[in-house]
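If you want the building blocks of each chain, they are given just below.
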Amino acid sequence: DQQVKQNSPSLSVQEGRISILNCDYTNSMFDYFLWYKKYPAEGPTFLISISSIKDKNEDGRFTVFLNKSAKHLSLHIVPSQPGDSAVYFCAATDTGFQKLVFGTGTRLLVSP
Amino acid sequence: DTAVSQTPKYLVTQMGNDKSIKCEQNLGHDTMYWYKQDSKKFLKIMFSYNNKELIINETVPNRFSPKSPDKAHLNLHINSLELGDSAVYFCASSQNAGAGNTIYFGEGSWLTVV
């Protein structure tokens, strides 16, 4: 049972435009959500997170939106840059010991 | 200076062998993890240790035995390797075990069982 889903395996965007990556979850106990970025042959690196008490968190070009009623979150990257090309993983955890549950990732390609 | 380092990066071995993957973190964190990314790209937690104590064990076969000699190290030993164990294994660490602590991942160890 996949509790965190990223239904778009890939996304192509032109440099300077907005990239929107989506994520859905099914477990209502999740209350902390994260996005990780992964380059080939490297480990995932933390990008941005959001607590369930918020609906938006912003860090520079990256903004994460959370819609708890829809069990949906999204990552907006604006403006997109070629260096943003990577696989983006959505992850979630509940309270207590942190146990990240990951989606299967979305491969973002930003073309010049 | 790598924060979470794991060795070896690549490992090819035969079925039935026993192998270990070592992990070290120099971040001074209390909590360490092993995650597995399988052929379908699912990245799933296997174990978590906090101050050398096992706190999460995600129904992993007991052929997998983690060992934490100290807070900075979490090694993964795998007995009687099977074809299905082929995957990328990621070690990770965080300041402590609570939600909201950023988890830092190592670069991964690519295990291929033939």
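Residues numbered from 1 in each chain as written. Chains lettered and ligands numbered in written order. Predicted model: local features only at pLDDT ≥ 70, side-chain atom pairs only at ≥ 80, totals over all residues. Heavy atoms only, no water.

(A) Layout of the overall build of chain A. Within chain A, the secondary structure is distributed over zero helices and 11 strands. When the helices and strands of chain A are listed from N to C terminus, the series reads β-β-β-β-β-β-β-β-β-β-β. Against the 2.2 N^0.38 benchmark of 13 Å for 112 residues, chain A shows a C-alpha radius of gyration of 13 Å, consistent with a compact globule. Along the longest, intermediate and shortest principal axes, the C-alpha atoms of chain A span 40 × 30 × 20 Å. (Helix = DSSP H or I, 4+ residues; strand = E, 2+ residues; numbered from the N terminus. Rg over C-alpha atoms; globule rule 2.2 N^0.38 Å.)

(B) Main features of the packing of aromatic side chains. Residues and elements named next belong to chain A. According to the stated counting rule, one finds 14 aromatic pairs over all chains in the structure shown. Their ring planes at 40° and their centres at 4.6 Å tell us that Tyr25 and Phe33 sit as a pair that is tilted. With a centroid separation of 5.8 Å and an interplanar angle of 75°, the aromatic rings of Tyr36 and Phe46 are classed as edge-to-face. A residue pair is termed long-range when its members are at least 10 positions apart, and Tyr36 in strand β4 (residues 32-38) and Phe46 in strand β5 (residues 45-51) qualify at 10 residues. Tyr36 sits in the buried class, given a relative accessible area of 0%. (Phe/Tyr/Trp six-rings, centres within 6.5 Å; stacked < 30°, edge-to-face > 60°. Buried < 20%, exposed > 50% of the residue type's maximum accessible area, 1.4 Å probe, protein only.)

(C) Layout of the sheet that holds strand β7 (residues 62-67) of chain A. Residues and elements named next belong to chain A. Taken in spatial order, the five strands of this open sheet run β1-β3-β8-β7-β6, and their pairing is antiparallel. The sheet is open, and its two edges are formed by β1 (4-5) and β6 (56-59), each paired on a single side. In the sheet, strand β3 (residues 19-25) pairs with strand β8 (residues 72-77) via six bridges, with the strands oriented antiparallel. Each bridged residue has a counterpart across the sheet, and for Cys23 the counterpart in β8 is Leu73. (Pairing = 2+ DSSP bridges.)

All quantities given are derived from atomic positions and should not be read as evidence of function.
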